[in-house]
Amino acid sequence: WGMNWISTKMPESHWITEARLRGAKIITITPEYQSSSNKADEVIIIRPGTDGALALGVAQVVIREKLYDEEFVKSFTDLPLLVRMDTLKLLNARDIIPDYQPVELKNHTKVIKSGDPIPPLTSQHTQLITEAMRNEWGDYVVWDLKKNAPAVVTRDHVGSFFHELDIDPALEGEFEVEDVEGRKVKVRPVFDLIKQYLYENFDLETTSEITWAPKEAVINLAHTIAANKNRTLFVTGM
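Residues numbered from 1 in each chain as written. Predicted model: local features only at pLDDT ≥ 70, side-chain atom pairs only at ≥ 80, totals over all residues. Heavy atoms only, no water.

(A) Here's a closer look at the sheet that holds strand β3 (residues 82-84). Sheet architecture is open: three strands sit in the order β3-β9-β8, paired in antiparallel fashion. Each of the sheet's edge strands pairs with one partner strand only, and the pair in question is β3 and β8 (175-178). On average, each strand axis in the sheet is tilted by 45 degrees relative to the strand beside it, whichever way the strands run. As paired elements, β3 and strand β9 (residues 184-189) share three bridges and run antiparallel to each other. Note that in β9 the partner of Val83 across the bridge is Arg188. In the packing of helix α8 (residues 190-201) onto the sheet, contacts are made with β3 and β9, and the angle to β9 comes to roughly 70 degrees. (Pairing = 2+ DSSP bridges. Helix = DSSP H or I, 4+ residues; strand = E, 2+ residues; numbered from the N terminus. Axes fitted to C-alpha atoms, helices over the stretch in contact; angles between N-to-C directions. Contact = heavy atoms within 4.5 Å.)

(B) Inspection of unusual backbone geometry at higher detail. Unusually for a residue other than glycine, Lys66 sits at a positive phi of about 55 degrees. Inspection of the secondary structure puts Lys66 in the loop between α3 (51-64) and α4 (70-76). For Lys66, a relative accessible area of 56% gives the class exposed. Phi at Asp166 is positive, roughly 55 degrees, even though this residue is not glycine. If you trace the backbone, Asp166 turns up in the loop between α7 (160-163) and β8. (Buried < 20%, exposed > 50% of the residue type's maximum accessible area, 1.4 Å probe, protein only.)

(C) Main features of the nonpolar core. Core analysis: the biggest nonpolar cluster contains 30 residues, and Ile44, Leu54, Val58, Tyr68, Phe191 and Val218 have the highest contact counts within it. With residues up to four places along the chain from it excluded, the contact list for Leu54 reads Trp1, Ile29, Ile46, Thr207, Thr211, Val218 and Leu221. Core analysis: the second largest hydrophobic core is formed by 12 residues, Ile96, Ala170, Phe175 and Val187 among them. (Core = buried A, V, L, I, M, F, W, Y, C linked by side-chain atoms within 4.5 Å.)

(D) Summary view of the packing of aromatic side chains. Evaluated as defined, the whole model comprises five aromatic pairs. Pairing Phe72 with Phe76 gives two aromatic rings, centres 4.9 Å apart and planes at 15 degrees, and the pair type is stacked. You can see Phe72 and its partner Phe76 sitting in helix α4, four residues apart, about one turn around the helix. For Phe72, a relative accessible area of 43% puts it in the partly exposed group. Taken together, a centroid distance of 5.9 Å and an interplanar angle of 55 degrees make the contact between Tyr197 and Phe202 tilted. (Phe/Tyr/Trp six-rings, centres within 6.5 Å; stacked < 30°, edge-to-face > 60°.)

(E) Region of interest: the side chain of Gln34. Here Gln34 shows up in the loop between β1 (27-30) and β2 (42-45). Non-local contacts of Gln34, meaning those with residues more than four positions away in its chain, are made with Met3, Asn4, Trp5 and Thr28.

(F) A look at the environment of Leu204. Along the polypeptide, Leu204 turns up in helix α9 (residues 204-211). The exposure class assigned to Leu204 is buried, which follows from its relative accessible area of 15%. Separated by 119 residues in sequence, Leu204 and Met85 have C-alpha atoms that sit 28 Å apart. If we ignore the near neighbours within four places in the chain, the residues touching Leu204 are Val61, Arg64, Lys215, Val218 and Ile219.

(G) Quick look at the pattern of salt bridges. This structure, assessed with the given rule, holds 16 salt bridges. Taking the shortest distance from any N to any O, the salt bridge between Asp69 and Lys229 comes out at 3.0 Å. Here Asp69, found in the loop between α3 and α4, pairs with Lys229, found in the segment after α10 (215-227); they are 160 residues apart in sequence, far enough to count as distant. Asp69 gets classed as partly exposed once you look at its relative accessible area, which sits at 31%. For Asp86, the salt bridge identified is with Arg84, shortest N-O distance 2.7 Å. Take Arg84: its relative accessible area is 9%, and that puts it in the buried class. One connected set of salt bridges, linked through shared partners, spans Glu70, Lys74 and Asp168. (Salt bridge = Lys/Arg side-chain N within 4 Å of Asp/Glu carboxyl O.)

Take a look at the structure:
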């Protein structure tokens, strides 16, 4: 995608040939029919500078046809987090829980207290953040469909640790919460807002018009990526 591997990465271009010999499908996405396209199974030529539009168009197909892994989206991404409709900022737990104190992080992040020494790089086995940064971030909120109520999610609640919460976060819909000052606030998941943006701006016709790529190419790219979960490598330009 935007990289002419055979011409600009010649010492490593043998990987394309060897991958193809082992059954890999090669697709090139570039503004021209380049030397690497000669080795490709499929070639998508787009207008220069419209890579982002193509990616958003592909995302629109993936969401519209529900080709995404819903469990992964809910447990590994920030897409279920709620956004305040009054400020368009993520809803923080302290916004709706009086005197809320951030939960102690144990699984993925180590908090360095003020004055404590920072381990050398060779001894760092997880993400390190300062105590001030932890307090500034706080914790975020999802809408639990099981209890039909907001639920707090921390940076530790990812993957298997997320499942320990025993919640089912909503990906779509508008909900209402009450903030600490007693005001009613409308909230929506990040996923829902992205879906609306893609539907309104990157339907197939618009994506094709912006990128010059045929609608069939956008659909096929989305289908190919979705059909090869964990087996798709994006080799991008530098």
